[in-house]
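Per-entry structural report
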There are 2 protein chains.
Amino acid sequence: MEFDVGARLRAIREMHGLSQRELAKRAGVSNASVSLIEQNRSSPSVGSLKKVLDGIPMSLADFFSMEQAPREQVFFRAEDLTVISDGAIRYAQVGRDPEARALQILHEQYQPGADTGQNMLRHAAEEGGVVLRGRLEVTVGDQRRILGPGDAYYFNSRLPHRFRTVGEEICEVVSACTPPSF
Amino acid sequence: MEFDVGARLRAIREMHGLSQRELAKRAGVSNASVSLIEQNRSSPSVGSLKKVLDGIPMSLADFFSMEQAPREQVFFRAEDLTVISDGAIRYAQVGRDPEARALQILHEQYQPGADTGQNMLRHAAEEGGVVLRGRLEVTVGDQRRILGPGDAYYFNSRLPHRFRTVGEEICEVVSACTPPSF
DNA sequence: TAAACCTGTTGAATATATTGAACAGGTAAG
DNA sequence: CTTACCTGTTCAATATATTCAACAGGTTTA
């Protein structure tokens, strides 16, 4: 995946109605620097890129999380959520292409006895969710808790974690994860 | 907002169980370079930072947007979700410190007739949600749709957007936004 | 007891980014 | 027309990042 720093900087600068010199002045760098970066004739250090972006202002994170313009699908009827796994746990995903999005939102349904398994999950992300119905046992690191309707959780996905239903009721959850984990 | 490139790179590298030399080899740079970057004794060009991250692999966007420190509180009882606004629209937020998190998860309740207002919202983020109950009119850019229970939405928050209930039923939504918008 | 192989760090040479000043073109006012 | 002030680009000088090779410490193998 290529990332065109120059083109992106130019687009952002123009979108904010700034000239190279004006931006350079606000950022405390030379106009030549801005020009060369925009032409991709130099690859700025993250330090100087940060200085330039401070003149806009925009965070490095926003700069690199590219917003693609084309009209994307915004609305999803309940029946056309993408069902990802359909065993004891059913994940209905909002949107089709998780790798292109910052956020993975799932409407989850656990059958009674459903369990993500003994070997704990781990991935580089953050996730959280709200329980709508039923009772869910959530284990994160060395912490464990049983959550009911309206209760919620939030943790760093690097910590080993596990979900398991308790009781005989179907359990329903809406969860979110950034970046998407599958 | 400070961003500690060195510390972040070191944390990520160690999390992936790589030595400086191993990462340097995969990335096609010198181990000295990795060492100096991690000590913040040099500020890498985005080109070389990208090369280094390719050796992990990880995108620039992920590098700059992901959270660094693990979080302490994981579980939230329904009654200790943080209620953010309590007029016609009630936002119950999972977690207390949105600016320290990658993800803002809200359990929202709209009273009949509730509306986020004529002046459309805009912010640099991505957001989505699932409707649990009631009917919600969602406007994004030039698109508009009425969603019911189980329906969902997802869009880039830079597009002007607005939420409005229709009908006499209370409307309930679980939404997520990255990065948090308030 | 090395000797061999890791780890991360450092110094001097080299490649690259950044600067300040000059350049070329466009527009507006006198 | 000239003068002034924009725009973005380019050149040579300089500051900075990156490399190669050596160093110091730790762990394993013989």
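Here we summarise the structure given alongside this text. This is a predicted model, so every value here is computed, not measured. (Residues numbered from 1 in each chain as written. Chains lettered and ligands numbered in written order. Predicted model: local features only at pLDDT ≥ 70, side-chain atom pairs only at ≥ 80, totals over all residues. Heavy atoms only, no water.)

In this section: the packing of helix H2 (residues 20–27) of chain A against helix H3 (residues 31–38) of chain A. All names here are of chain A. With their axes 8 Å apart at the nearest point, H2 and H3 run at an angle of 115 degrees to one another. The handedness of the crossing between H2 and H3 is right-handed. Together, Gln20, Arg21 and Ala24 of H2 and Asn31, Val34, Ser35 and Glu38 of H3 make up the contact between the two elements. Tallied by class, residues from the contact of H2 with H3 come to 2 nonpolar, 3 polar and 2 charged. (Axes fitted to C-alpha atoms, helices over the stretch in contact; angles between N-to-C directions. Helix = DSSP H or I, 4+ residues; strand = E, 2+ residues; numbered from the N terminus. Left-handed = near helix turned anticlockwise from the far one by under 90°. Contact = heavy atoms within 4.5 Å. Nonpolar A, V, L, I, M, F, W, Y, C, P; charged D, E, K, R; others polar.)

Moving on, we come to the protein's contact with DNA strand D. Lining the immediate surroundings of DNA strand D are 21 residues, of which Ser19, Arg21 and Ser35 of chain A together with Ser30 and Ser48 of chain B lie closest. A distance of 3.0 Å separates a phosphate oxygen of DNA strand D from a polar side-chain atom of Gln20 of chain A. At a separation of 2.3 Å, a phosphate oxygen of DNA strand D approaches a polar side-chain atom of Ser48 of chain B. Those elements that provide at least two residues to the surface near DNA strand D are helix H1 (5–15), H2 and H3 of chain A together with helix H3 (31–38) of chain B. (Near = heavy atom within 4 Å. Polar contact = N/O pair within 3.5 Å; in protein donor to acceptor, adjacent residues only side chain to side chain.)

Using the criterion set out here, one finds 3 aromatic pairs over all chains in the structure. Measuring from ring centre to ring centre gives 5.0 Å for Phe63 of chain B and Phe64 of chain B, while their planes differ by 85 degrees; the resulting arrangement is edge-to-face. Taking relative accessible area as the criterion, Phe63 of chain B reaches 0% and is therefore assigned buried. One aromatic cluster is present, formed by Phe63 and Phe64 of chain A together with Phe63 and Phe64 of chain B through successive ring pairs. Here the guanidinium or amino end of Arg8 of chain B rests over the ring plane of Phe63 of chain B, the centre of that ring lying 5.5 Å away. (Phe/Tyr/Trp six-rings, centres within 6.5 Å; stacked < 30°, edge-to-face > 60°. Buried < 20%, exposed > 50% of the residue type's maximum accessible area, 1.4 Å probe, protein only. Lys NZ or Arg CZ within 6 Å of the ring centre and 35° of its normal.)

This part takes up the environment of Ala61 of chain B. For Ala61 of chain B, the position within the fold is in helix H5 (residues 60–65). Exposure remark for Ala61 of chain B: the relative accessible area of 14% places this residue in the buried category.

Time to look at the pairing of strand E10 (residues 171–178) of chain A. As a general feature of sheets, a regular strand has side chains that alternate between the two faces. Residues and elements named next belong to chain A. Counted residue by residue, E10 has 8 buried out of 8 residues, so it is predominantly covered. In terms of strand pairing, strand E4 (residues 104–110) meets E10 through 7 bridges, oriented antiparallel. Counted as the bridge partner of Glu108 is Val173 from E10. Where strand E5 (residues 126–133) meets E10, 7 bridges bridge the pair, whose relative direction is antiparallel. Bridging across to E10, Glu126 finds its partner in Thr178. (Pairing = 2+ DSSP bridges.)

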